[in-house]
Amino acid sequence: MSQQVLYFLLIDHKFYPILILYNNYFSLMESEFSLGDNDFQWLSQKFDDLIPFDKSKFWFKAKLVSSNTLSAVKLSHFENSDDFASAIKEMPFLMEFTHPNIMQILDFDFLEKDINSYLIASAFEFGDLSLKDQLDDGKKFSDNEILGLLWELSDALNYVNQTFGIAHANLKSSNIILSQGSYKMSEFGKTQELRNKIRSNTPCWSLNMAPEYRLSEVASQATEDLLRLDVYSLGIVAAELLGLNLKKLEARRDTIKAFANIIQEMLEGGDLKYGADLNGLLKEMLSTNPKERPSISKVAHSLYELCKKRGFDPAELRQSRIAKVKHQLENEGKLVKRTKQQEIQKLFIQGYQAHLGGKYKESIEFYEKQLALLIENKSNQIEIAKAYSSLSVSFKNIGDYKKSVDLQTKALEIRKTVFGEIHAHVAESLSNLGVTYQAMGEYQKALECNEKALDIRKQIQKDNSLEISVLLNNNGAIYRQIGKYEAAKEALEKALEIKSKLLGMEHVDTARTLNNLGLVELQLQNIEKALDYLKQALRIRIKKYQAEHPEIAQSLNNIGVIYWQRNDAKNALEYLKRGLEMKRKFLGEKHPEIALAMNNIGLAYMQEKDLETALGYFQRSLEIRKEIFGEDHPDVGQSLVNIAAIYQEKGDGETCIKYYKEAIEIKKKKYGPSHPEIAAALLNIGIAYHKKHEYEQALKCYEAALAMYKMFFADDHRQVQKCVANIQAIEARMKSPAKKI
């Protein structure tokens, strides 16, 4: 028999898996997804000697590079971020399983091919044969072997239920594997979802599993406890051990319901003979009414008692068998042991899961432990770079930008050394640096990083790829912040066009671009259009996260600003305060987003003429921003502008001019000599001089503000018209010096 070895063929700069047989015959491997060069590099870092299993597109025999351990590797491809997130959430539970009748996960990793395409590789301990394979080959089990095996499987199901509160939800003979002398369950269903489904009565029949093992639920569309489904599935496995041939039954069935009736007829007719006690238990387990089935703990107890009646203790037999096999495998050097790599991957998944949920400080704790173990374990540089990058993003999200840049720079240096200048991982690090520099107010550095990343992406991907849309989105956000609103709108509309085609309009990443477009339209004074974009983003985010989340808080804040622009301080404060409280739960008190929320609440109170309350919020916002950014950040300048406005309202012209001038110096350092925010400060200084009757100084400020505004806005823009009106008023007053205003 020819051995099959996995090789890869390079076609148009992409690697495709090929089955090479020793007689020189080869064919492209059938698969629902193709593996590109990045996928191949990623797999080769984790596994050696990948050999496909017969009849399987997604299972491989391979050696783990980290431990040289033989393993069974499953590749899973996800084209939906929600399904991928669900799969990721399962892993910490699956990696915790230590029961002797459950397959160990030896390693786990994933590759984000793009925003909506993910590849997951799960490495399990290697098994010799499945129970189904042995039954199909005619293997017969003794009465005691059947009872002992059923007890071991029921004990494993009871373990995951009692310890983790989950069901298997995919139990069948093909998922019961002989490994290291024991039959072990593999291929658990969606464990994290099942924790919720057990409580919320989600229909069992909606699960993706073989119908033969969930017949009554399919037939009746029941909405019962999934743990009772495991009982039914175990009953079918028991029937197979006792001689039930599913293949023959499949040939006789017209419908799933008819199949369920056939099984009941066999039970009633005595076709499955073992003994009255087991037959009675099987009838209960295979009841078409899930409520009449025993619990899995009762099944395990009943099977244990049946074994004792037969004169043996199944727990003692299992323990002695495991000890004997362990001794033999240790002598042969084949014993599978838990390694540091398992702990490393578990920490990574826990960090990633916390990050997805907006729990950034928690994700940092997991990532830092993972990085320490990677360095201690002398892991490969690619894994260390990935850890640096993940940690960097989390530090960015809690506002520690200096730390974020330092970590991402380390990741970038490693990736350039390993992959060269033109590689997706290099582009990823550059993009992450761009986002952090943007948050720091280092807009030129941010644009430089983004442009380099865009250039790389365009060399290795299509122009309408999701990664390019992300970079266009980020560029649009930067252009908005530096006052280039038309350029921002153009970049964001292009990003939205790509995302709407590839992701649809209901995707959370599409919501990010809608949010940014709303902010641009706000700057362009298209208030209703801005509100429409921002409400779309909020609706998508609520639907996606279904709970409090930093991105929902961001949307609430932005909609609050819209109401402020409409002079609706009451609604503005409602949205802004809801957003602030939500942000505090995730970000703590000292974070740029907290400072932003306080700043905006101050604006709403100022609109209500509650100047002292407004000043308190502005001052607290300024304190946070100075502590995080230092003295020369644009956000610090904006806080100074708002404090100046308070003193202006109070009639304290000297203090107000002092704060405005400080703000202008900061903004010039970051934006250059011209920017709408600098123009706004000049306009307000002009107003302060105007009120002090220093008309020449006021006129100079108004004219400078007008010239600057015209660089960014059309003549009908509100701020342009305000400058023109103020200049006309000053010129008229200067012609009549005896009059005062």
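Preceding this section is the structure that the text describes.
Residues numbered from 1 in each chain as written. Predicted model: local features only at pLDDT ≥ 70, side-chain atom pairs only at ≥ 80, totals over all residues. Heavy atoms only, no water.

Colleague: Outline unusual backbone geometry, supporting the account with residue identities and numerical values.
Modeller: One non-glycine residue, Gln 525, lies in positive phi territory at about 65°. If you trace the backbone, Gln 525 turns up in the loop between helix H21 (508-523) and helix H22 (527-545). Judged by its relative accessible area of 23%, Gln 525 is partly exposed. Here the phi dihedral of Asn 567 falls at roughly 60°; this positive angle occurs in a residue that is not glycine. Locating Asn 567 in the fold gives a position in the loop between helix H23 (550-565) and helix H24 (569-587). Assessed through its relative accessible area of 63%, Asn 567 is described here as exposed. (Helix = DSSP H or I, 4+ residues; strand = E, 2+ residues; numbered from the N terminus. Buried < 20%, exposed > 50% of the residue type's maximum accessible area, 1.4 Å probe, protein only.)

Colleague: Please provide a residue-by-residue account of the sheet that holds strand S10 (residues 176-179), values included.
Modeller: Ordered in space as S9-S10-S11, the three strands form an open sheet in which the pairing is antiparallel. Looking at which strands have only one partner, the edges of the open sheet turn out to be strand S9 (129-130) and strand S11 (182-185). (Pairing = 2+ DSSP bridges.)

Colleague: Residue-level account of the nonpolar core, with values.
Modeller: Phe 97, Leu 234 and Leu 303 are the most contacted members of the largest nonpolar core, which has 187 residues in total. The element best represented in this core is helix H4 (residues 143-164), accounting for eleven residues. Residue contacts for Leu 234: discarding those within four places in its chain leaves Leu 150, Leu 153, Ser 154, Leu 157, Leu 171, Met 285, Ile 296 and Val 299. Among the nonpolar cores identified, the runner-up in size contains eleven residues, and Leu 43, Ala 62, Leu 106 and Ala 123 belong to it. (Core = buried A, V, L, I, M, F, W, Y, C linked by side-chain atoms within 4.5 Å. Contact = heavy atoms within 4.5 Å.)

Colleague: Tell me about the side chain of Asp 230, and please be specific about residues and values.
Modeller: One can find Asp 230 in helix H7 (residues 226-241). For the buried Asp 230, no salt bridge exists, and the shortest N-O distance to an oppositely charged side chain is 9.0 Å, to Arg 293. With near-sequence residues (within four places) excluded, Asp 230 lies in contact with Leu 157, Ala 167, His 168, Ala 169 and Leu 171. (Lys, Arg positive; Asp, Glu negative; His and termini not counted. Salt bridge = Lys/Arg side-chain N within 4 Å of Asp/Glu carboxyl O.)

Colleague: Kindly report on the pattern of salt bridges, identifying the contributing residues and their values.
Modeller: If you walk through the whole model with that rule in mind, you get 32 salt bridges. Where Arg 584 meets Glu 589, a salt bridge forms, and the shortest distance between an N and an O atom there is 3.1 Å. Ionic pairing is found between Glu 649 and Lys 609, a salt bridge with its closest N-O pair at 3.6 Å. Placement of the pair is Glu 649 in helix H27 (residues 634-650) and Lys 609 in the loop between helix H25 (592-607) and helix H26 (611-629), with a sequence separation of 40 residues. Among the charged side chains, a salt-bridge network with shared partners connects Lys 499, Asp 509, Arg 512, Arg 541 and Glu 551.

Colleague: Tell me about the packing of helix H19 (residues 466-481) against helix H20 (residues 485-502), and name the residues and values.
Modeller: At their nearest, the axes of H19 and H20 sit 8 Å apart, and the two run at 155° to each other. One way to sum up the angle between H19 and H20 is to call them roughly antiparallel. Of the two possible hands of crossing, H19 and H20 adopt the one that is left-handed. Of the residues in H20, those touching H19 at Leu 466, Ser 469, Val 470, Leu 472, Asn 473, Gly 476, Ala 477, Tyr 479 and Arg 480 are Tyr 485, Ala 487, Ala 488, Ala 491, Leu 492, Lys 494, Ala 495, Ile 498, Lys 499 and Leu 502. Residue composition of the contact of H19 with H20, grouped by class: 13 nonpolar, three polar and three charged. (Axes fitted to C-alpha atoms, helices over the stretch in contact; angles between N-to-C directions. Parallel < 35°, antiparallel > 145°, perpendicular 65-115°, else oblique. Left-handed = near helix turned anticlockwise from the far one by under 90°. Nonpolar A, V, L, I, M, F, W, Y, C, P; charged D, E, K, R; others polar.)

Colleague: Could you give me a rundown of the side chain of Asp 313, with the residues and numbers involved?
Modeller: Within the secondary structure, Asp 313 is located in the loop between helix H11 (296-309) and helix H12 (314-332). Within the local environment of Asp 313, its side chain forms a polar contact with the side chain of Tyr 304, the two groups lying 2.8 Å apart. Beyond its immediate chain neighbours, meaning those up to four positions away, Asp 313 contacts Tyr 304 and Lys 308. (Polar contact = N/O pair within 3.5 Å; in protein donor to acceptor, adjacent residues only side chain to side chain.)

Colleague: Residue-level account of H21, with values.
Modeller: In this model, H21 (16 residues) spans 23 Å end to end at C-alpha, consistent with the 22 Å of a helix rising 1.5 Å per residue. With 14 of 16 residues buried, H21 is to be regarded as a mostly interior element. Residue Gln 525 follows H21 closely and has a positive phi angle near 65°. (Expected span 1.5 Å × (residues − 1).)

Colleague: Describe the environment of Lys 499, with residues and values.
Modeller: Relative to the elements of secondary structure, Lys 499 occurs in helix H20. Given the relative accessible area of 1%, Lys 499 is considered buried. Between the alpha carbons of Lys 499 and Ser 465 there is a distance of 8.7 Å; along the sequence they are 34 residues apart. With near-sequence residues (within four places) excluded, Lys 499 lies in contact with Leu 466, Ser 469, Val 470, Asn 473, Gly 504, Asp 509, Thr 510 and Thr 513.

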